Amino acid sequence: MLSVKAEPYSFAFDPASCALVIIDMQRDFVDPGGFGEALGNDVSLLRKAIDPIKRLLAAARKAGMLVIHTREGHRPDLADLPPAKKARGKLKAGIGDKGPMGRILVRGEYGHDIIDALKPKPGEPVVDKPGKGAFFATDLDSMLKNRGIKQLIVCGVTTEVCVNTTVREANDRGFDCLVPEDCVASYFPAFQKAALEMIKAQGGIFGWVGDSAKVVAALAKAKPGSSKGALKKK
Ligand code: TIU
């Protein structure tokens, strides 16, 4: 068992039964010239999380942890896009429409895919999710349970939207979640702060908040490749 200092108290985890879940590090949210920026957001706030996630991802891979990536998006025929989601915001160019990097949040489009810096490795599951939470209408829950995963380290964007929703969904399903605060980001500094406080308040009502350097240091002590949670290479 490894232990890292976190709030509201130390987070103890076994890399064999803990997965790293990276939420929606997609070009459309994170890259200059994407959908997020087209909406008037400052993507540099989101890009601050890239390097810390990269370091944590490398450490998790080395320790043999299960790594799962998610992408928010929809089928090209938009059959899984709720009309309410499509209409929200009254955007000129919204989900499914032509955006700066292809059809916005549509699977298979350039902007929908994960940024090169955090590209999934072959064998790492990528969960395509139609909602904000990674458990809604996906096979994430069964993938985690099939591999005996009990705890999650959750990174990605945005802190108050897809990260928070996923952490709440995970918590209700019985998973412990640690959120390294430097590995999550929001377009809104006030929401970043509030979203992290909400997770760790009331004795960790939804989970733990820590920082990636402590997790990386703890993982460095784990025996490489000893995790049963990792996908076995054929
Ligand atoms: N991934 C995710 O958080 N999707 C969003 O739409 N986030 C916003 O903050 N808009």
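Structure: see above.
Residues numbered from 1 in each chain as written. Predicted model: local features only at pLDDT ≥ 70, side-chain atom pairs only at ≥ 80, totals over all residues. Heavy atoms only, no water.

Student: Can you help me understand the overall build of the protein in this one?
Tutor: Scanning the protein from N- to C-terminus turns up nine helices and 11 strands. Burial statistics for the protein: of 234 residues in total, 51% are counted as buried. Of the contacts formed within the protein by residues at least 6 apart in sequence, a portion of 76% connects residues at least 24 apart. The averaged location of the 27 negative side-chain charges in the protein is 4 Å from the averaged location of its 36 positive side-chain charges. (Helix = DSSP H or I, 4+ residues; strand = E, 2+ residues; numbered from the N terminus. Buried < 20%, exposed > 50% of the residue type's maximum accessible area, 1.4 Å probe, protein only. Contact = heavy atoms within 4.5 Å. Lys, Arg positive; Asp, Glu negative; His and termini not counted. Charge placed at Lys NZ, Arg CZ, Asp CG, Glu CD.)

Student: So what exactly am I meant to see when it comes to the pattern of salt bridges here?
Tutor: Evaluated as defined, the whole model comprises 15 salt bridges. Of the charged contacts in the structure, one is a salt bridge between D116 and R27, with a shortest N-O distance of 2.9 Å. A residue pair is termed long-range when its members are at least 10 positions apart, and D116 in the loop between β6 (102-103) and β7 (126-129) and R27 in helix α1 (residues 27-30) qualify at 89 residues. Note on D116: relative accessible area 53%, which makes it exposed. You can call R27 buried: its relative accessible area is 7%. With a closest N to O distance of 2.8 Å, D128 and R71 form a salt bridge. (Salt bridge = Lys/Arg side-chain N within 4 Å of Asp/Glu carboxyl O.)

Student: Which parts of the structure should I look at to understand the side chain of N41?
Tutor: By secondary structure assignment, the location of N41 is in the loop between α2 (35-38) and α3 (44-47). Within the structure, N41 has its side chain in polar contact with the backbone oxygen of G36 (distance 3.0 Å). Ignoring anything within four residues of it in the chain, the contact list for N41 reads G36, Y187 and F188. (Polar contact = N/O pair within 3.5 Å; in protein donor to acceptor, adjacent residues only side chain to side chain.)

Student: Any chance you could explain the packing of helix α7 (residues 159-172) against helix α8 (residues 189-204) here in plain terms?
Tutor: Helix packing for two helices is described by the angle between their axes and how far apart those axes are. Orientation of α7 relative to α8, taken along the N-to-C sense of each, is 10 degrees, at an axis distance of 10 Å. If you check the angle between α7 and α8, you find them roughly parallel. Here α7 contributes T159, E160, N164, V167 and R168 to the contact with α8, which in turn contributes F191, Q192, A195, L196, M198 and I199. Along the lines of polarity and charge, the residues of the contact of α7 with α8 split into six nonpolar, three polar and two charged. (Axes fitted to C-alpha atoms, helices over the stretch in contact; angles between N-to-C directions. Parallel < 35°, antiparallel > 145°, perpendicular 65-115°, else oblique. Nonpolar A, V, L, I, M, F, W, Y, C, P; charged D, E, K, R; others polar.)

Student: Would you mind going over the site of the ligand with me for this structure?
Tutor: Around the ligand, the structure places D24, F29, E72, K132, V157, T158, V161 and C162. The side chain of T158 places a nitrogen or oxygen atom 2.9 Å from an oxygen atom of the ligand. Protein coverage of the free-state accessible area of the ligand, which is 280 Å², stands at 82%. Using a 2 Å cut-off from the grid points, one finds that the ligand occupies the largest pocket. The residue inventory of the shell around the ligand, partitioned by class, reads four nonpolar, one polar and three charged. (Near = heavy atom within 4 Å. Areas by Shrake-Rupley, 256 points an atom, 1.4 Å probe, with all protein chains shown as cover. 1 Å grid on protein atoms, 1.4 Å probe; cavity = no way out; pocket = protein on both sides within 12 Å on 5 of 7 lines; lining within 4 Å. Sits in = over half its atoms within 2 Å of the grid points.)

Student: Would you mind going over unusual backbone geometry with me for this structure?
Tutor: Most peptide bonds take the trans configuration, and most residues that are not glycine carry a negative phi. With omega at 10 degrees, the peptide bond leading from E7 into P8 counts as cis. Positionally, P8 belongs in the loop between β1 (2-4) and β2 (11-13). With an omega of -15 degrees, the peptide bond running from V157 to T158 counts as cis. Mapped onto the secondary structure, T158 falls in the loop between β8 (151-157) and α7. Non-glycine residue D24 carries a positive phi angle of around 50 degrees. The residue K90 is not glycine, and still its phi comes out positive at about 45 degrees. The exposed category is assigned to K90, whose relative accessible area is 80%.

Student: What is the right way to look at the environment of H69 in this model?
Tutor: In this structure, H69 sits in strand β4 (residues 66-72). Residue classification places H69 among the buried residues on the basis of a relative accessible area of 1%. Residues H69 and I22 lie 47 residues apart in sequence; the distance between their C-alpha atoms is 4.8 Å. For H69, the residues in contact, after removing those within four places along its chain, are I22, R61, I114, L118, P120, E124, P125, V126 and V127.

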